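# Topology and contacts: notes
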Amino acid sequence: MSHHILIMLAAGIGVPVLAALNASLGRFVGSPAVAATVLFVVALSVSAVVALMTNPQAVSKLATAPKHLFFAGTLVAFYVLSITWIAPTMGVGNAVFFVLLGQLISAAAIDHFGLFSAQPSPLNLTRTAGIALMAIGVFVTQKA
C-alpha cells in the first residue's frame with residue numbers, strides 16, 4: 001500500500017509541474033491548443049507503449065467497452081486545455097488551487113453516492129470537516 005501512496009504523491013506533484021510546463025509551451029508557441037495537442041500526442045505514445053507491454057489483451061477489449069467510459073478522455077482534454085490557457089493568467093498555484101478544490105468536491109460526491117462503481121463511503125460530519133480543512137489548507141497556502 002505504501003508504494004501506492006508514493007505513486008499518487010508523485011502524480012500530485014506532477015499536476016502543477018504539468019500545468020507550468022504546458023502553460024509555458026502554450027506561451028512559447030502562442031497557442032494553448034497546440035501545446036495541449038503536443039501533450040496528448042506524447043501521452044498517447046507513452047501510454048500505448050505501456051499498455052502494449054503490460055497487457056496487450058486488454059487493448060483488444062476496447063471495441064466492446066461502454067461508450068460512456070470514453071468520456072474520461074474529454075475530461076482530461078478539458079483539464080489540460082483549461083490549465084494551459086488559464087495558468088499563465090492567474091498563476092499555476094491559483095489555477096491548481098481551484099483544480100484541487102474541484103477534486104475535493106467531486107471525490108466526496110463520487111464516494112458518497114458510489115458513482116461510477118466506486119465503493120460508497122457516506123459523507124458524514126467527520127469527512128466533511130476533513131475536506132473543509134483540506135480546502136482551507138490549500139487556500140491558506142495560496143494566500144501566504
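Thresholds applied
- Residues numbered from 1 in each chain as written.
- Predicted model: local features only at pLDDT ≥ 70, side-chain atom pairs only at ≥ 80, totals over all residues.
- Heavy atoms only, no water.
- Helix = DSSP H or I, 4+ residues; strand = E, 2+ residues; numbered from the N terminus.
- Buried < 20%, exposed > 50% of the residue type's maximum accessible area, 1.4 Å probe, protein only.
- Polar contact = N/O pair within 3.5 Å; in protein donor to acceptor, adjacent residues only side chain to side chain.
- Contact = heavy atoms within 4.5 Å.
- Salt bridge = Lys/Arg side-chain N within 4 Å of Asp/Glu carboxyl O.
- Expected span 1.5 Å × (residues − 1).
- Core = buried A, V, L, I, M, F, W, Y, C linked by side-chain atoms within 4.5 Å.
- Patch = residues over 30% accessible without salt bridge, like charges linked within 9 Å, V, L, I, M, F, W, Y side chains within 5 Å.
- Areas by Shrake-Rupley, 256 points an atom, 1.4 Å probe, with all protein chains shown as cover.

This part is about the side chain of Thr84. Mapped onto the elements, Thr84 comes out in helix α4 (residues 71-90). Take Thr84: its relative accessible area is 2%, and that puts it in the buried class. Separated by 2.9 Å, the side chains of Thr84 and Asn22 make a polar contact. One polar contact links the side chain of Thr84 to the main-chain carbonyl oxygen of Val80, over a distance of 2.6 Å. Non-local contacts of Thr84, meaning those with residues more than four positions away in its chain, are made with Asn22, Ala23, Pro32 and Ala35.

Taken as a whole, this structure holds one salt bridge when the rule is applied. Across the pair Arg127 and Asp111 runs a salt bridge whose closest N-O atoms are separated by 3.3 Å. Placement of the pair is Arg127 in helix α6 (residues 125-143) and Asp111 in helix α5 (residues 92-113), with a sequence separation of 16 residues. In this structure Arg127 comes out as partly exposed when scored by relative accessible area, which is 24%.

Under the 1.5 Å per step criterion, the end-to-end length of α4 is 27 Å for 20 residues, consistent within 8% with the ideal 28 Å. Those residues of α4 lying buried are Val80, Ile83, Thr84 and Ala87. Buried residues in α4 make contact with α1 (2-29), α2 (32-54) and α5. At the C-terminal side of α4, Gly91 shows a positive phi close to 95°.

Membership of the largest hydrophobic core is limited to six residues, which are Ala19, Ala23, Ile83, Ala87, Ala95 and Val96. Those elements giving two or more residues to this core turn out to be α1, α4 and α5. Those residues within four positions of Ala19 in sequence are excluded, and the remaining contacts are Tyr79, Ile83, Val92 and Val96.

A few words now on unusual backbone geometry. Even without glycine at this site, Phe116 takes up a positive phi of about 55°. Along the polypeptide, Phe116 turns up in the loop between α5 and α6. For Ser117, which is not a glycine, the phi torsion comes out positive at approximately 65°. One can find Ser117 in the loop between α5 and α6. Relative accessible area serves as the criterion here: at 76%, Ser117 is assigned to the exposed category.

To continue, consider a nonpolar patch on the surface. On the surface, a nonpolar cluster with roughly 640 Å² of combined accessible area is contributed by Phe28, Val29, Val34, Val38, Val42, Val46 and Val50. Listing elements by their share of the nonpolar patch, those giving two or more residues are α1 and α2. Counting residues per element, the nonpolar patch draws most heavily on α2, at five residues. Mapped onto the elements, Phe28 comes out in helix α1. Judged by its relative accessible area of 72%, Phe28 falls in the exposed class.

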